[in-house]
Amino acid sequence: MSSLIVQGGARLTGRVRIGGSKNASVAIMPATLFGAGPTRLEDLPDINDVKVFSEILCALGARVDRQEDGSVIIDPTGLSRWDAPYELVKRLRASYYLLGVLLGRFGKAEVALPGGCDIGLRPIDQHLKGFRALGAQVSMEHGMVKLKAKELRGAEIYLDVVSVGATINIMLAATMAKGTTVIENAAKEPHIVDLANLLNAMGARVQGAGTDVVKIRGTDQLNGCTHAVIPDDIEAGTYVMMAAATHGDVRVENIIPQHLDSVLAKLREAGVIVEENGDWVRVAAPGRLKAVSVKTLPYPGFPTDLQQPFVAMMTTAEGVSIVHETIWDNRFGYANELIRMGARIKIDGRTAFIEGVPKLFGIPVCSKNDLRAGAALIIAALSADGESEVDGMEYVDRGYERIDEKMRSLGATVRRAG
Ligand code: EPZ
């Protein structure tokens, strides 16, 4: 396991540039396989999930090349496989988007069910409900999801739960179906809109992405295009909380502030100065933060992926904060490590009660298989007294591009170890 050594106590100041969205990238990369020619992706972040997906796409016969200028060209013309075995996909949960793409492209798909972060059960029943509605036969054998369809036909699909993954996977398969598909109770996350923009740039006809009704009129020919991936709202929120937790003054650049509305509102409630301006926000927190309560919800609610960084930030706030996690059934595993650092946290099911303390103390801590838990422990280490060693950086590197370099540029004393 690789780790990060963090000297606590520095106020973060300066400017940090946010990279492309991890959760948009892992949907957009497989979507480019629909193209009759290559697609150029700009602002695709240099993170482990993108590296792993690149290896997977190459194993299926596509070519993925990062250019001198940082853009990435994905050429699907050599795509020859419609199966993705476990050894290929086990490192990347989002590989399940290959189900929608390969089904749309070949009329069949066999993809191993991957694991994923330790945040609770990760069902895909809504994905499969959508594929069946489009006319696919679905079977599960030896951990493989197998799909087959003589012909995909548009359908009306009502999602039982608001699911980002199911919305995206059904959008992908419906793109190549005959006729029109309507997804109701769809998720509205920014990366769903970004995927729709990519598909439409390739010649698809997707309407309503970002609302809870998405309409996809199928087509049989998509072409390559050029697309810039949207900035990562979760990375941005993480740096905003690093700045607030260290009582710093930071300008977080290359973001879409509207994507962070719920987060910035909560920070203002906590007494943080937040200045929004076009594609950047300035965050300053001279005094002690005030305790604030939050409930995680699908977009545009407070994002579950910033629940852990938020709890870490609240450990030294004045008063008691209550955080209720509505999306995942086991996303407080990291709280034990914060308690070892001196935090006062009680967990009751999906609710955390955080009683603010004056200080945390730096110690060795370990983030289990959840990159956002790792981010939370880094935030706690930055604001703690003394040195911490945060283990499990291989998980953090899945979704945070060059996090140690970016933190050093803001004045943090951090170095990699192991
Ligand atoms: C995506 O996961 C993100 N991952 C997660 O981010 C994020 O936490 C989640 O959306 C919610 O925003 C990617 O985009 C790669 P869901 P996903 O389907 O699509 C239930 C990170 O840290 N559900 O929206 O798997 C499910 O159990 C990761 O970057 C079903 O019941 O999440 C959950 O309670 C962690 N049946 C809820 O819906 C299904 O078929 C939301 O899940 C699918 C989901």
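Everything that follows concerns the structure shown earlier in this document.
The rules behind each value
Residues numbered from 1 in each chain as written. Predicted model: local features only at pLDDT ≥ 70, side-chain atom pairs only at ≥ 80, totals over all residues. Heavy atoms only, no water. Axes fitted to C-alpha atoms, helices over the stretch in contact; angles between N-to-C directions. Helix = DSSP H or I, 4+ residues; strand = E, 2+ residues; numbered from the N terminus. Parallel < 35°, antiparallel > 145°, perpendicular 65-115°, else oblique. Contact = heavy atoms within 4.5 Å. Nonpolar A, V, L, I, M, F, W, Y, C, P; charged D, E, K, R; others polar. Disulfide = S-S within 2.5 Å. Buried < 20%, exposed > 50% of the residue type's maximum accessible area, 1.4 Å probe, protein only. Pairing = 2+ DSSP bridges. Near = heavy atom within 4 Å. Polar contact = N/O pair within 3.5 Å; in protein donor to acceptor, adjacent residues only side chain to side chain. Areas by Shrake-Rupley, 256 points an atom, 1.4 Å probe, with all protein chains shown as cover. Domains from an automatic or database assignment.

J.: I tried to follow the packing of helix α8 (residues 233–245) against helix α10 (residues 307–314) on my own but got confused; where do I start?
T.: The relative placement of two packed helices comes down to the angle between their axes together with the axis-to-axis distance. Closest axis-to-axis distance for the α8/α10 pair is 9 Å, and the angle between their directions is 5 degrees. Looking at the two axes, α8 sits roughly parallel to α10. Residues Thr238, Met241, Ala244 and Ala245 of α8 lie in contact with α10, whose contacting residues are Pro309, Phe310 and Met313. Here the residues of the contact of α8 with α10 are counted per class, giving six nonpolar, one polar and no charged.

J.: Just checking my understanding: could you explain the state of the cysteines for this structure?
T.: Think of a disulfide as a covalent bridge from one cysteine sulfur atom to another cysteine sulfur atom. Counted according to the given criterion, the structure contains zero disulfides. Left unpaired, Cys225 is separated from the closest cysteine sulfur, that of Cys58, by 18 Å. A relative accessible area of 13% means that Cys225 is categorised as buried.

J.: What exactly am I supposed to notice about the pairing of strand β20 (residues 344–348) here?
T.: Within a regular strand, the side chains alternate between the two sheet faces. Sheet topology places β20 next to strand β21 (residues 351–355); five bridges connect them, and they run antiparallel. Looking across to β21, one finds that Arg344 is bridged to Glu355.

J.: Help me out: how do you make sense of the sheet that holds strand β11 (residues 180–184) in this one?
T.: Working definition: the strands of a sheet are paired by backbone hydrogen bonds and lie parallel or antiparallel to each other. Here four strands make up an open sheet; going across it, the order is β10-β11-β13-β12 and the pairing mixed. With one partner strand each, in any of the chains shown, β10 (156–158) and β12 (205–207) form the two edges of the open sheet. Within this sheet the neighbouring strands show an average axis-to-axis angle of 15 degrees, counted without direction.

J.: For this particular structure, what's the right way to read the site of the ligand?
T.: Surrounding the ligand, one finds 25 residues, the nearest of these being Gln126, Ser163, Val164, Asp305 and Ile327. The contact in question runs from an oxygen atom of the ligand to an N or O atom on the backbone of Gln126, over 2.8 Å. Here an oxygen atom of the ligand sits 2.7 Å away from a polar atom, N or O, in the main chain of Val164. Contact with the protein chains covers 88% of the free accessible surface of the ligand, which is 830 Å². Listed by contribution, the elements that provide at least two residues to the shell around the ligand are α1 (22–31), α5 (125–133), α6 (164–175) and α12 (371–383). Looking at the shell around the ligand residue by residue, the classes come out as twelve nonpolar, six polar and seven charged. For the shell around the ligand, the domains that each give at least three residues are domain 1 (3–19 + 231–417) and domain 2 (22–228).

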